[in-house]
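# Observations on the model geometry
Single-letter residue listing:
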Amino acid sequence: MNRQRMFLGSVFLVVVGLGAWWMPLPPTIISKKAEEITVKIDNCASGSGVMYQREGNTYSVLTVSHGVTDSPLNCFIFTPDGSRYEASQPKIPVPGVDLAVLAFTSQKDYKLAKWGDSEKVEQGQTVYVAGFPAPTAAKPIRQQTFTEGKITSTGKQDRGYGLTYNNITQPGMSGGPVLNQRGEAIGIHGRGDRDDRGNKIGWNLGIPIATFLGATEPFIALDSPQSPSSDSNRGTSDNNPPPSPSSRRENEQKPSKNEEEANQETISLSGAGASFPAPLYQRWFKEYNELNPNIQISYQSVGSGAGVKQFTSGTVDFGASDEPMKPEEIAQVSKGVVMLPMTAGSIVLAYNLPGINNLKLSRQAYVDIFLGKITQWNDPAIVAHNPNLALLNQPIQVVYRSDGSATTKTFTKHLTAISPEWKAGPGEGKTVNWPVGINAKGNEGVTAQIKQNQGAIGYVEWGYAQLNNLPMAALENKSGNFVFFTLESASKTLAAVELPDNLVAFITDPDGFDSYPIVTYTWLLAYKTYDNSQKAQALKDVIKWSLTEGQKVSKDLGYIPLPENVVSEVQATVDSIKP
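Quick look at the structure, then. (Residues numbered from 1 in each chain as written. Predicted model: local features only at pLDDT ≥ 70, side-chain atom pairs only at ≥ 80, totals over all residues. Heavy atoms only, no water.)

### Regarding the sheet that holds strand S21 (residues 474-476)
What links the strands of a sheet is backbone hydrogen bonding, and the strands pair in either a parallel or an antiparallel sense. The sheet built from three strands is open, its strands ordered S17-S21-S22 with mixed pairing. Of all strands in the sheet, those bounded by a partner on one side alone are strand S17 (360-361) and strand S22 (482-483). Pairing of S21 with S22, which is carried by two bridges, proceeds in the antiparallel orientation. Its bridge partner being in S22, Leu 475 is matched across the sheet by Val 483. (Pairing = 2+ DSSP bridges. Helix = DSSP H or I, 4+ residues; strand = E, 2+ residues; numbered from the N terminus.)

Set out below in structure tokens:
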């Protein structure tokens, strides 16, 4: 009996102890939490922010002030689902601290940050930083990044900085959350050392959440972007800092009608959509603006699906998509739709076989590799077309996209066109059930997996393989010729395809002895009619310039210039756009 009492007592003590104990969350769970609360801030800056409060349909976002308060442009906020919202003018919640608060209005339900106790952060503690790095040559689109590191020191510094950590971050992640091992936001990421390429290295600084929560009125009531501005009621006390430059301009006396007519009116065009052509579009629009300062064009890289949604809802002047709009989507647009192929890209099969260059893959061979029927690099079906290569008895590691993408759809559409077995099996789509392989997110993820795994092969857009110096296989085309990707061979593919009246052509298995087999257009989406005649004419001028002068820089950025016969057809369709 006494022994039983002793045993039960021990169990009771253990349970009480566990009540005050917690288990650190896995980084994968914390990454998901970070993704749900982190937003991308664009147009006024290339930064990040954290959703922390909702009042009715108005969400408040905490970010860093550098960039958003000094910009003459309005900020756009992109939520985790890819939706774009116009943001309110930034406000400074804590005088002298590098923090700002923005607001946007939405009827959707988004997750909000859970604040942690930044007062208990100690040296050596594991922390995570999330955010959206600015585009680079190696990573041309802004996708959320999540990094792990440790606190190296704490202590108040200039502009409210009090957290120092060794996470590897990049420009554009400023304003994102710093999270503890419970997934709670304990700080806002701010700044750090940079190397010659712009990557942040060495020490990185964040602002503790306690600094924000310690303000007199940390949860500032913000005006909805659609509501009248209350800037005129601001004072200049510590709790009400002077208006930002953009706010001051709004309050300045407007020029008279005669003065407006004397100055050339500025026309602003906004677009959103596919990430693949974003670097090229942004280069075009920047150069066009330099030549025509009164025409300002902004383009947000939000993905094809989100771009079509924004174009359909009429929140942008033009959209962009790596695949044409569906008839049911077009039917929802009362102004009509014009789909214009502006450039093209190509999908290559990149591989990791040290010392093996100029690999040739027959149509049947690369289909069977992705079907999982060919599993070794010295398979007779591969060796037959590569007699001079020292192919080893090495396993093949297939890498495919984990996320839905137009890249996957283009590749699987090609496989479906050339293989009845593939058509009857996985088929085509933005996502399919891959018979074999490991997955990775985005072109950059697939590229990274190929680089890290000897014997790997995967499908990526040509620019990613080129930037990462990955060898690419020559593919057998419809004519039985093995063709390595070059801009010339891809251009021949485009020239061999006859465009229909709606300019929508799927290049699934092109004719032509020298044609590279996997090439795809990307389309700019315009309305057939515009209410504003000046915007209509400005957009037509921009598109025509992009089809001519703009094509000259396509090669430099890894895009396929349109052949002359395609340019002529597209220009004729541009003329059909009416004000």
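### Quick notes on a positive patch on the surface
On the surface, Lys 33, Lys 111, Lys 114, Lys 120 and Arg 182 cluster together to form a positively charged patch. With respect to the secondary-structure elements, Arg 182 resides in the loop between strand S10 (177-179) and strand S11 (185-194). (Patch = residues over 30% accessible without salt bridge, like charges linked within 9 Å, V, L, I, M, F, W, Y side chains within 5 Å. Areas by Shrake-Rupley, 256 points an atom, 1.4 Å probe, with all protein chains shown as cover. Salt bridge = Lys/Arg side-chain N within 4 Å of Asp/Glu carboxyl O. Lys, Arg positive; Asp, Glu negative; His and termini not counted. Charge placed at Lys NZ, Arg CZ, Asp CG, Glu CD.)

### Quick word on the sheet that holds strand S5 (residues 84-86)
Pairing is antiparallel across the open sheet formed by six strands, whose spatial order is S5-S4-S1-S2-S3-S6. Of all strands in the sheet, those with a lone pairing partner are S5 and strand S6 (100-105), marking the two edges. This sheet shows a mean twist of 35° between the axes of neighbouring strands, independent of strand direction. Bridge count for strand S1 (residues 38-42) against strand S4 (residues 76-78) is three bridges, and the pairing is antiparallel. Paired with Asp 42 across the strands is Phe 76, a residue of S4. Across the sheet, helix H2 (residues 27-37) touches S1 and strand S2 (47-55), and the angle it forms with S1 is around 45°. (Axes fitted to C-alpha atoms, helices over the stretch in contact; angles between N-to-C directions. Contact = heavy atoms within 4.5 Å.)

### Description of the pairing of strand S16 (residues 337-351)
Buried residues dominate S16, accounting for 15 of its 15 residues. Two strands pair when backbone bridges link them, and S16 and strand S23 (residues 519-527) are joined in this way by nine bridges, in the antiparallel orientation. Paired with Leu 340 across the strands is Leu 524, a residue of S23. Sheet topology note: the S16/strand S20 (residues 456-461) ladder contains five bridges and is antiparallel. The partner of Ile 347 across the bridge, within S20, is Glu 461. (Buried < 20%, exposed > 50% of the residue type's maximum accessible area, 1.4 Å probe, protein only.)

### So, helix H7 (residues 304-313)
Most of H7 sits out of view: seven of its ten residues are buried. For H7, the complete set of buried residues consists of Ser 304, Ala 306, Gly 307, Val 308, Gln 310, Phe 311 and Thr 312. At the C-terminal side of H7, Gly 314 shows a positive phi close to 80°.

### Section: unusual backbone geometry
For Asn 358, which is not glycine, the phi torsion reads 60° and is therefore positive. The topology assignment puts Asn 358 in the loop between S16 and S17. With relative accessibility at 55%, the residue Asn 358 sits in the exposed group. We note that Leu 503 has phi near 65°; this positive angle belongs to a residue other than glycine. Tracing the backbone shows Leu 503 in the loop between helix H15 (487-495) and S23.

### A word on the packing of helix H9 (residues 363-371) against helix H11 (residues 406-418)
The description of two helices packed together rests on the angle between their axes and the distance between the axes. Contact pair H9 / H11: the axes reach a minimum separation of 11 Å and the direction vectors enclose 120°. Compared by their axis directions, H9 and H11 come out oblique. The crossing of H9 and H11 is left-handed. Two secondary-structure elements touch here, H9 through Arg 363, Tyr 366, Val 367 and Phe 370 and H11 through Phe 411, His 414, Leu 415 and Ile 418. (Parallel < 35°, antiparallel > 145°, perpendicular 65-115°, else oblique. Left-handed = near helix turned anticlockwise from the far one by under 90°.)

### Observations regarding the pattern of salt bridges
Pairing between side chains of opposite charge can happen when the charged atoms of each approach one another. Applying the stated criterion to the full structure yields 18 salt bridges. When the shortest N-O distance is used, the salt bridge between Glu 290 and Lys 286 registers 2.7 Å. In this pair, Glu 290 and Lys 286 both sit in helix H6 (residues 278-291), four residues apart, roughly one turn of the helix. According to the relative accessible area criterion, Lys 286 is exposed, its value standing at 53%. Put simply, Lys 413 and Glu 428 hold a salt bridge, and the shortest N to O gap is 2.8 Å. Here Glu 428 lies in the loop between helix H12 (420-424) and strand S19 (438-440) and Lys 413 lies in helix H11, a separation of 15 residues in the sequence. The exposure class of Glu 428 is partly exposed, given its relative accessible area of 38%. Three or more residues are tied together by salt bridges with common partners; here these are Glu 323, Lys 409 and Lys 430.

### Section: the packing of H6 against helix H16 (residues 533-548)
Contact pair H6 / H16: the axes reach a minimum separation of 11 Å and the direction vectors enclose 115°. In this view, H6 runs roughly perpendicular relative to H16, as classed from their interaxial angle. Read as a crossing pair, H6 and H16 show a hand that is right-handed. Contacts between H6 and H16 involve Trp 284, Phe 285, Glu 287, Tyr 288 and Leu 291 from the former and Asp 541, Val 542, Trp 545 and Ser 546 from the latter.

### Digging into the packing of aromatic side chains
As enumerated under the stated definition, the model contains 28 aromatic pairs in all. Considering the side-chain rings of Tyr 128 and Phe 146, the 5.2 Å spacing of their centres and the 10° angle between planes classify their relative orientation as stacked. Linking Tyr 128 in strand S7 (residues 126-131) with Phe 146 in strand S8 (residues 145-154), this pair joins segments that are 18 residues apart in sequence. Note on Tyr 128: relative accessible area 2%, which makes it buried. Feature note: the residues Phe 370, Tyr 400, Phe 411, Trp 422, Trp 434 and Tyr 459 constitute an aromatic cluster, connected by ring pairs. When the ring centre of Phe 76 is taken as reference, the NZ or CZ atom of Arg 84 above it lies at 4.0 Å. (Phe/Tyr/Trp six-rings, centres within 6.5 Å; stacked < 30°, edge-to-face > 60°. Lys NZ or Arg CZ within 6 Å of the ring centre and 35° of its normal.)

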